[in-house]
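This is what each chain is made of:
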Amino acid sequence: MRVLEARDRIGGRIWTDGDGVDLGAHWIHGTEGNPLTELVEQLEIPFSYVGGDSSYTGGFDSLILFGPDRQIAPAMAKSHTLELADKVLHELERRAEIARRRDDPDRPLVAVVDEILAEAAYGYADEQAVRYHLNVILREDVAEDPGGLSFKYWEDGYRVYGYGDSVLHLGYQAVVEALARDLTIELETVVQQIDTSAGAVRVTTSRGVYEADKVLVTVPLGVLKANEIDFSPPLPEVKRHAIERLGFGTLNKIALHYDERFWPADQYVFGYLCRETDSYPTVVISMWKSHGKPILVLLLGASLGRAMETWTDEKVSDYATTVVRDIFGRKALRPNIFPEPHGHRTRTHTAPTPASASTLPHATSTPSPNR
Ligand SMILES: Cc1cc2nc3c(=O)[nH]c(=O)nc-3n(C[C@H](O)[C@H](O)[C@H](O)COP(=O)(O)OP(=O)(O)OC[C@H]3O[C@@H](n4cnc5c(N)ncnc54)[C@H](O)[C@@H]3O)c2cc1C
């Protein structure tokens, strides 16, 4: 078997940098029953259970939430935010169930969220709390804003394995490296055409033509949508139609590297509800707890993540400093974020080529909703 890879590295949206930061996939989402858990066990790749982002969707208990006063929200106030959000989510599901039963035309999820919030007439703080939880679930997990999601079906087929999340001590790249052992991989080889019209498959690439009995195409949806590969004969109508209709979201990260840790050693995730939640990340993840490194990671999904891609390095640094100072006070230093290699932010490239692979570290868009 031969693998043809456009970039100058393997892994695609899995990419662990030299400091052990996963710029793309990071968690085994749901540890119990997840085939990835079985795989890493078989490959003897070390990992630990961290609760991960399930600690703010499922086990919200272990999350420290910083509120608008930049203080840790007391337990009661924290559960109040969750109760409000749960109410809205139940109401959304109730209305969606009716809409599906009556076969009503679909609408963007945001229309119904706004309707429910208008009816509830919450005060500013309560509405922010609901929007915060929606941003956790939609913007940072599904990787799309409610404006880009279906009201009737946004949750359709979304299943999570049990027992919270785990992280790999050596980064997700360890899985890719282990799986790549004994494989023949051609890097910087961009597939341009796949011709199945004459028995054997003929694959034309930027580096010549390959022939094979069979070919397995695993390029991202964005590459298929952009028609980067010419299929001859064309893909069946049903597949072309699905490629056209399906969408995908965006998830970006900002990794903040420091010379030393100035935050509590034992806390893995800090919830951030200090400012307008639609414009700021919902969580700050500490790599001290999981990897013993003085690095904090911010997740920015959907429109917020896409906006960040357009910011200057200076603006990213100012923004990140605001977030960490809100939580940790003035002792939170300006991160060694730029110039590289001390800091990273990811960017989206839907049609990776060797050229784009050599620009800023990046991860491609996240398929939504099944990251
Ligand atoms: C920031 C971020 C965080 C994420 N976090 C998690 C997480 O915590 N847990 C999780 O489970 N998932 C996570 N995901 C999602 C996960 O990374 C992806 O679902 C997964 O890596 C996709 O794998 P893939 O092989 O389908 O596609 P990719 O990893 O995108 O691989 C496709 C490969 O095809 C190559 N390619 C494209 N076009 C061509 C061409 N014409 N010729 C040759 N090669 C080509 C690309 O270079 C790439 O290497 C995250 C994604 C992102 C972006």
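So, here is what we can say about the structure in this document. (Residues numbered from 1 in each chain as written. Predicted model: local features only at pLDDT ≥ 70, side-chain atom pairs only at ≥ 80, totals over all residues. Heavy atoms only, no water.)

## A few points about the overall build of the protein
What counts is decided by this rule: Helix numbers and strand numbers start at the N terminus; a helix is a DSSP run of H or I with at least 4 residues, a strand a run of E with at least 2. Each residue gets one of three labels from its accessible area relative to the maximum for its type: buried under 20%, exposed over 50%, partly exposed in between, using a 1.4 Å probe on protein chains only. Contacts are assigned to residue pairs with any non-hydrogen atoms lying within 4.5 Å of each other. Areas reported as accessible are Shrake-Rupley estimates using a 1.4 Å probe. Residue values count occlusion only from the protein chains shown.
Along the protein, the regular secondary structure elements total twelve helices and 15 strands. Per-residue burial for the protein yields a buried fraction of 47% across its 371 residues. Taking the intrachain contacts of the protein between residues at least 6 apart in sequence as the baseline, contacts between residues at least 24 apart amount to 70%. Only carbon and sulfur atoms are counted for the fraction: they give 53% of the accessible area of the protein, which is about 18,200 Å².

## Overview of the sheet that holds strand β2 (residues 27–28)
Let me state the cut-off plainly: In this scheme, strands are said to pair when DSSP sees at least two bridges between them.
If you trace the three strands from one edge of the open sheet to the other, you get β2-β5-β3, paired in antiparallel fashion. Whereas interior strands pair on both sides, the edge strands pair on one side only; in this sheet they are β2 and β3 (47–51). Direction of pairing for β3 relative to strand β5 (residues 165–168): antiparallel, over a ladder of four bridges. Counted as the bridge partner of Tyr49 is Ser166 from β5.

## So, the pairing of strand β11 (residues 251–257)
The buried fraction of β11 is high, at seven of seven residues. By the alternation rule, side chains of β11 split into Leu251, Lys253, Ala255 and His257 and Asn252, Ile254 and Leu256, which are all buried.

## So, the sheet that holds strand β7 (residues 191–195)
Definition in use: For helices, the fitted axis covers only the stretch in contact; all axes are lines through C-alpha atoms, and the angles between them, taken along N-to-C directions, range from 0 to 180 degrees.
With mixed pairing, four strands are arranged side by side in an open sheet as β9-β8-β7-β10. The open sheet terminates on both sides in strands that have one partner only, identified here as β9 (208–212) and β10 (230–232). Averaged over neighbouring strand pairs, the angle between their axes works out to 15° when direction is ignored.

## Details of the side chain of Thr205
Defined as follows: Whenever a nitrogen or oxygen atom comes within 3.5 Å of another N or O atom, the pair is scored as a polar contact, on the condition that within protein one atom can donate a hydrogen and the other can accept it, and that pairs from neighbouring residues in sequence are kept only if both atoms are in side chains.
Structurally, Thr205 is set in strand β8 (residues 201–205). Looking at Thr205, its side chain comes within polar contact range of the main-chain nitrogen of Arg207, at 2.9 Å. Polar side-chain contacts of Thr205 include one of 2.7 Å to the backbone oxygen of Gly208. What Thr205 contacts, discounting residues up to four positions off in sequence, is Leu4, Thr189, Val190, Val191, Gln192 and Tyr210.

## Comments concerning empty space enclosed by the protein
Operational definition: The method works on a 1 Å grid over the protein atoms by themselves. A cavity is a set of points holding a 1.4 Å probe that cannot get out, a pocket is an open set with protein on both sides within 12 Å along at least five of seven lines, and residues with an atom within 4 Å of a point line them. Grid points are joined across faces, edges and corners, and a volume is the space filled by probe spheres set on the points. Gly falls in the polar group here, along with every residue not listed as nonpolar (Ala, Val, Leu, Ile, Met, Phe, Trp, Tyr, Cys, Pro) or charged (Asp, Glu, Lys, Arg).
Per the stated rule, a full pass over the model turns up two cavities of 30 Å³ or more. Approximately 60 Å³ is the volume attributed to the second largest cavity. Surrounding the second largest cavity, Val21, Asp22, His26, Trp27, Lys253, Ile285, Met287, Val297 and Leu299 form its lining. For the lining of the second largest cavity, the residue count by class is six nonpolar, one polar and two charged.

## Quick notes on the pattern of salt bridges
The condition that has to hold: A pairing counts as a salt bridge when a side-chain nitrogen of Lys or Arg comes within 4 Å of a carboxyl oxygen of Asp or Glu.
Under the criterion given, the structure shown has 18 salt bridges. Salt-bridge contacts for Arg131 lead to Glu127; the nearest nitrogen and oxygen are separated by 3.0 Å. Note that Arg131 and Glu127 are positioned in helix α5 (residues 124–142) at a spacing of four residues, about one turn of the helix. Measuring nitrogen to oxygen at the nearest pair gives 3.5 Å for the salt bridge that ties Arg202 to Glu211. According to the relative accessible area criterion, Glu211 is exposed, its value standing at 58%. What you see here is one network of salt bridges that share partners, running through Glu91, Arg94, Arg95, Arg107, Glu115 and Glu119.

## Re the packing of helix α4 (residues 109–120) against α5
For clarity, the threshold we go by: Throughout, the term roughly parallel applies to angles under 35 degrees, roughly antiparallel to angles over 145, roughly perpendicular to angles from 65 to 115, and oblique to all others. With the far helix as reference, a near helix turned anticlockwise by less than a right angle produces a left-handed crossing, and one turned clockwise produces a right-handed crossing.
Direction vectors running N to C along α4 and α5 enclose 160°, while the axes themselves pass 12 Å from each other. Considering their axes alone, α4 and α5 lie roughly antiparallel with respect to each other. Between α4 and α5 lies a crossing of right-handed hand. Across the interface between the two elements, Leu109, Val113, Asp114 and Leu117 of α4 pack against Glu127, Val130, Arg131, Leu134 and Leu138 of α5.

## Here we look at helix α3 (residues 75–102)
Rules: In this analysis, the expected span of each helix is defined as 1.5 Å times one less than the number of residues it contains.
For α3, spanning 28 residues, the distance from its first C-alpha to its last is 41 Å, which sits close to the expected 40 Å at 1.5 Å a residue. What α3 keeps buried is the set Lys78, Thr81, Leu84, Ala85, Val88, Glu91, Leu92, Arg95, Ala96 and Ala99. Turning to α3, the residues buried within the fold contact β4 (64–66), α4 and α5. Two residues or fewer past α3, Asp103 is found with a positive phi of approximately 60°.

## Digging into the nonpolar core
We apply this condition: Residues enter a nonpolar core if they are buried and are Ala, Val, Leu, Ile, Met, Phe, Trp, Tyr or Cys, with the set joined through side-chain atoms within 4.5 Å.
In terms of nonpolar packing, the biggest core is built from 25 residues, with Ile254, Leu256, Leu296, Leu298 and Phe328 touching the most fellow members. Of all elements in the fold, only β11, β12 (269–272), β14 (295–301), α10 (302–308) and α11 (313–328) reach the threshold of two or more residues within this core. Take this core: its biggest share by element is seven residues, from α11. Ignoring any residue separated from it by four or fewer positions in sequence, one finds Leu298 in contact with Asn252, Lys253, Ile254, Leu256, Pro281, Val283, Val284, Ala320 and Val323.

## Observations regarding unusual backbone geometry
Cis rather than trans, the peptide bond between Ser232 and Pro233 has omega equal to -5°. One non-glycine residue, Asp103, lies in the positive phi region at around 60°. Tracing the backbone through its elements, the reader meets Asp103 in the loop between α3 and α4. Here Asn227, not a glycine, exhibits a phi torsion of approximately 50°, which is positive. As for its position among the elements, Asn227 is in the loop between α7 (221–225) and β10. Owing to a relative accessible area of 62%, Asn227 belongs among the exposed residues under this scheme.

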